[in-house]
Amino acid sequence: MVITLDSPLDMHLHLRDGDMLQIVAPLSAETFAGALVMPNLVPPVTTKEAVCAYRARICDAVGEACFTPYMTLFFKSDYTPEFLESVKEEILAVKLYPAGITTNSEGGVSGFDLAELSPVLGAMSELGIPLCVHGESAGFVMDREKEFIPIYEKLATHFPNLKIVMEHITTKEAVAALERFENLYATITLHHLYITLDDVAGGLLQPHLFCKPIAKRPEDREALLKAALEAHEKVMFGSDSAPHPRSAKEAPGCAAGVFTAPLALPALAQLFESHGALGRLQAFVSDNARRIYGVNPPEKEVILEKSPYLVPEIYEGTVVPMFAGQSLQWRVLRVG
């Protein structure tokens with residue numbers, strides 16, 4: 001069995017910087033036509049110059065690969081409308097992080113005072129710049145996304161013309177919110193379609209499955225699966241592939257992030273085929289994102305076949321992927 005995917009897109013990707021960028025960027029560029037690149041570097045990407053410089057480093061890392069990095073800006077409440085207008089052509093979206101909630105987010109938003117956020121969000125709405133949000137509160141870890149839903153509702157209500165993307169959703173409540181507000185959209189990761197918290201901590205702790213937002217309950221995974229497998233028109237694939245050195249994962253204070261970029265398409269094909277939904281994979285990994293973001297990625301055909309694929313134990317002696325050392329039922333046959 002063979003399927004062809006037309007210009008697959010990863011609409012939530014961490015490429016890091018420096019040596020890690022050199023390792024992981026080519027792995028995404030090998031099978032994806034483009035990706036929305038997150039801005040939580042150290043320091044975060046907050047200026048036009050930083051956006052352009054980071055894009056240049058990514059393009060250098062991927063070489064001649066047919067791959068478009070769609071850039072994002074780290075949300076700051078003091079951006080002016082003039083600044084946003086000046087940087088609009090260089091970015092696809094602005095990414096908002098609650099302060100300290102995930103990797104390199106210490107400079108994010110503390111509190112969600114609409115009076116403080118409105119000037120920037122209003123300008124983004126007028127300029128047509130989408131807002132991407134890591135939607136978690138600072139509460140009990142299993143309830144953080146659910147507790148954040150009222151903030152999404154407040155933002156969607158006060159800024160009805162602002163396109164808001166709930167990033168890497170993990171709960172049935174987030175899926176339900178899509179139906180209540182026309183301007184709410186979402187990305188769903190590979191790992192949240194496969195695992196629950198039981199896979200992370202139900203037996204021996206699995207550090208390479210630890211992520212933020214943390215994997216949730218079986219009923220939450222079922223809601224995500226339903227939305228993805230039906231290729232819900234407001235949902236798109238975003239891997240949230242988040243590489244860390246093995247030394248930072250298998251350690252006290254385990255870093256949060258699951259590295260999935262190199263195996264995402266075979267694993268998604270396996271999942272969709274097992275549910276009789278292969279015909280909707282194209283919409284989930286490309287078509288919906290093109291429509292939601294209005295992008296036109298470079299032409300790239302990725303042909304997958306149902307044939308065993310052994311996932312490497314580790315990449316460049318540094319990064320351990322999801323399914324390390326395991327065999328998937330699908331593999332990439334060729335890219336053209």
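For the structure itself, consult the block above.
Treat the numbers as computed from the prediction; the structure is a model and nothing was measured. (Residues numbered from 1 in each chain as written. Predicted model: local features only at pLDDT ≥ 70, side-chain atom pairs only at ≥ 80, totals over all residues. Heavy atoms only, no water.)

1. Structural notes on the overall build of the protein
(1) Moving on: Within the protein, the regular secondary structure consists of 12 helices and 11 strands.
(2) Moving on: Taken over the C-alpha trace, the protein has a radius of gyration of 19 Å; the compact-globule value for 336 residues is 20 Å, and the two agree within 12%.
(3) Moving on: In terms of its C-alpha atoms, the protein occupies a principal-axis envelope of roughly 55 × 45 × 40 Å.
(4) Moving on: Across the 336 residues that make up the protein, the buried fraction comes to 59%.
(5) Moving on: Counting only contacts in the protein whose residues sit at least 6 apart along the sequence, the fraction spanning at least 24 positions is 72%.
(6) Moving on: In the protein, 28 side chains carry a positive charge and 42 a negative one; their mean positions are 3 Å apart. (Helix = DSSP H or I, 4+ residues; strand = E, 2+ residues; numbered from the N terminus. Rg over C-alpha atoms; globule rule 2.2 N^0.38 Å. Buried < 20%, exposed > 50% of the residue type's maximum accessible area, 1.4 Å probe, protein only. Contact = heavy atoms within 4.5 Å. Lys, Arg positive; Asp, Glu negative; His and termini not counted. Charge placed at Lys NZ, Arg CZ, Asp CG, Glu CD.)

2. Quick look at the sheet that holds strand E11 (residues 327-335)
(1) Moving on: Read from one edge to the other, the open sheet built from 3 strands follows the order E1-E10-E11, with strand pairing classed as antiparallel. Single-partner strands in this sheet number two, and they are strand E1 (2-6) and E11. Taking each pair of neighbouring strands and ignoring which way they run, the sheet shows an average axis angle of 40°.
(2) Moving on: With 5 bridges joining them, E1 and strand E10 (residues 301-310) adopt antiparallel strand pairing. Its bridge partner lying in E10, Val2 is registered against Glu305. (Pairing = 2+ DSSP bridges. Axes fitted to C-alpha atoms, helices over the stretch in contact; angles between N-to-C directions.)

3. Quick look at the side chain of Thr31
(1) Moving on: Mapped onto the elements of the fold, Thr31 is located in helix H1 (residues 18-31).
(2) Moving on: The contacts of Thr31, once residues within four sequence positions are left out, are Pro8, Leu265, Lys300, Val302, Val332 and Val335.

4. Comments concerning unusual backbone geometry
(1) Moving on: With an omega of -5°, the peptide bond running from Val42 to Pro43 counts as cis.
(2) Moving on: Following the sequence through the fold, Pro43 ends up in the loop between strand E3 (34-37) and helix H2 (48-62).
(3) Moving on: A cis amide bond links Lys212 to the next residue, Pro213, at an omega of 0°.
(4) Moving on: Along the chain, Pro213 falls in the loop between helix H8 (197-201) and helix H9 (218-229).
(5) Moving on: Backbone geometry places Asp240, a non-glycine residue, at a positive phi of 50°.
(6) Moving on: Here Glu316, not a glycine, exhibits a phi torsion of approximately 55°, which is positive.
(7) Moving on: Mapped onto the elements of the fold, Glu316 is located in the loop between E10 and E11.
(8) Moving on: Residue classification places Glu316 among the exposed positions, given a relative accessible area of 64%.

5. Examining the sheet that holds strand E8 (residues 184-188)
(1) Moving on: Read from one edge of the open sheet, 8 strands run E2-E3-E4-E5-E6-E7-E8-E9, paired in parallel fashion. The outermost strands of the open sheet, each flanked by one partner alone, are strand E2 (9-13) and strand E9 (235-237). Along the sheet, successive strands turn relative to each other by an average axial angle of 25°, direction set aside.
(2) Moving on: Along the sheet face, H2 touches E3 and strand E4 (68-74) and points at about 150° away from the line of E4.
(3) Moving on: Of the strands in this sheet, strand E6 (131-133), strand E7 (164-166) and E8 touch helix H5 (residues 144-158), which is tilted by about 165° from E7.

6. Describing the nonpolar core
(1) Moving on: Among the nonpolar cores identified, the biggest contains 103 residues, and Phe75, Met124 and Phe284 are the most heavily contacted of them.
(2) Moving on: Residues Leu36, Met38, Met236 and Ile292 belong to the second largest nonpolar core, which totals 18 residues. (Core = buried A, V, L, I, M, F, W, Y, C linked by side-chain atoms within 4.5 Å.)

7. Overview of the pattern of salt bridges
(1) Moving on: In the structure shown here, the tally under the stated rule is 9 salt bridges.
(2) Moving on: The salt bridge involving Lys306 is made with Glu273; its shortest N-O contact spans 2.9 Å. Placement of Lys306 in strand E10 and of Glu273 in helix H11 (residues 264-274) is noted, with a sequence separation of 33 residues between them.
(3) Moving on: Residue classification places Lys306 among the partly exposed positions, given a relative accessible area of 39%. (Salt bridge = Lys/Arg side-chain N within 4 Å of Asp/Glu carboxyl O.)

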